[in-house]
Amino acid sequence: YSAYLPDNYIEDIQLRLLFYKRLSNAETTDELYETFGEILDRFGPPPKEALALKDMFELKIMLSDLGIRSMDANHTSIILDVGEKSHLDPAKLISLITLEPKKYAFRNDQKFVRYLTHAESDALVETAAIYLEQLKSRCFDEAMPNIKA
């Protein structure tokens, strides 16, 4: 999975670095889309690598909004380090495990796991985005302060 701004898409290295910085610093999806829209306006239809980069930064924002420390993904699972500052209700996460134990689990290191089907692992980035949206709708802790719901 390649996620970058190809040098044949944005040839000027200074501009390419500027856009990397702006994409990386986006704190909301609105900021991300505004920057990516500017890239589209200036350089035309993006190659798949640039779209993948946008998708990766979108996941980064979603994780931040949920207060999730980190996410690892592979062909069998998505693993979330929810940490102490997570905006997900632990009781609701445990409820998910109880309802669907073949789909969800807590590991011994307290990381929350979502097991994937073959079809889901073939579209890993899209699956991760859908999964995070589902967690937000099903497990979001409304009592947490400073949340971007």
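All values derive from a computational prediction rather than experimental measurement.

The rules behind the values
- Residues numbered from 1 in each chain as written.
- Predicted model: local features only at pLDDT ≥ 70, side-chain atom pairs only at ≥ 80, totals over all residues.
- Heavy atoms only, no water.
- Helix = DSSP H or I, 4+ residues; strand = E, 2+ residues; numbered from the N terminus.
- Buried < 20%, exposed > 50% of the residue type's maximum accessible area, 1.4 Å probe, protein only.
- Contact = heavy atoms within 4.5 Å.
- Areas by Shrake-Rupley, 256 points an atom, 1.4 Å probe, with all protein chains shown as cover.
- Lys, Arg positive; Asp, Glu negative; His and termini not counted.
- Charge placed at Lys NZ, Arg CZ, Asp CG, Glu CD.
- Polar contact = N/O pair within 3.5 Å; in protein donor to acceptor, adjacent residues only side chain to side chain.
- Patch = residues over 30% accessible without salt bridge, like charges linked within 9 Å, V, L, I, M, F, W, Y side chains within 5 Å.
- Salt bridge = Lys/Arg side-chain N within 4 Å of Asp/Glu carboxyl O.
- Pairing = 2+ DSSP bridges.

Bringing the overall build of the protein chain into the picture now. When helices and strands are counted, the protein chain shows six helices and four strands. Counting from the amino terminus, helix and strand elements in the protein chain follow one another as α-α-α-β-β-α-β-β-α-α. The buried share among the 149 residues of the protein chain stands at 40%. Considering only residue pairs separated by 6 or more positions, the protein chain has 57% of its internal contacts joining residues 24 or more positions apart. Of the roughly 8900 Å² of accessible surface on the protein chain, 53% is carried by carbon and sulfur atoms. Charged side chains of the protein chain number 18 positive and 25 negative; the gap between the two group centres comes to 4 Å.

It is worth spelling out the environment of Arg16 at this point. As for its position among the elements, Arg16 is in helix α1 (residues 13-25). Overall, the relative accessible area of 12% leaves Arg16 in the buried class. For the pair Arg16 and Leu88, spaced 72 residues apart in the sequence, the C-alpha separation amounts to 36 Å. Filtering out sequence-adjacent residues up to four positions away, Arg16 remains in contact with Leu5, Pro6, Asp7, Ile10 and Glu11. Within the local environment of Arg16, its side chain forms a polar contact with the backbone oxygen of Glu11, the two atoms lying 3.4 Å apart.

A contiguous patch of negative charge on the surface is contributed by Glu27, Asp30, Glu31 and Glu34. A relative accessible area of 60% means that Glu34 is categorised as exposed.

Alignment of strand β1 (residues 70-73) against strand β2 (residues 77-81), held across four bridges, turns out to be antiparallel. Looking at β2, one finds that Asp72 is bridged to Ile79. A loop of three residues connects β1 with β2, the two strands running antiparallel in sequence.

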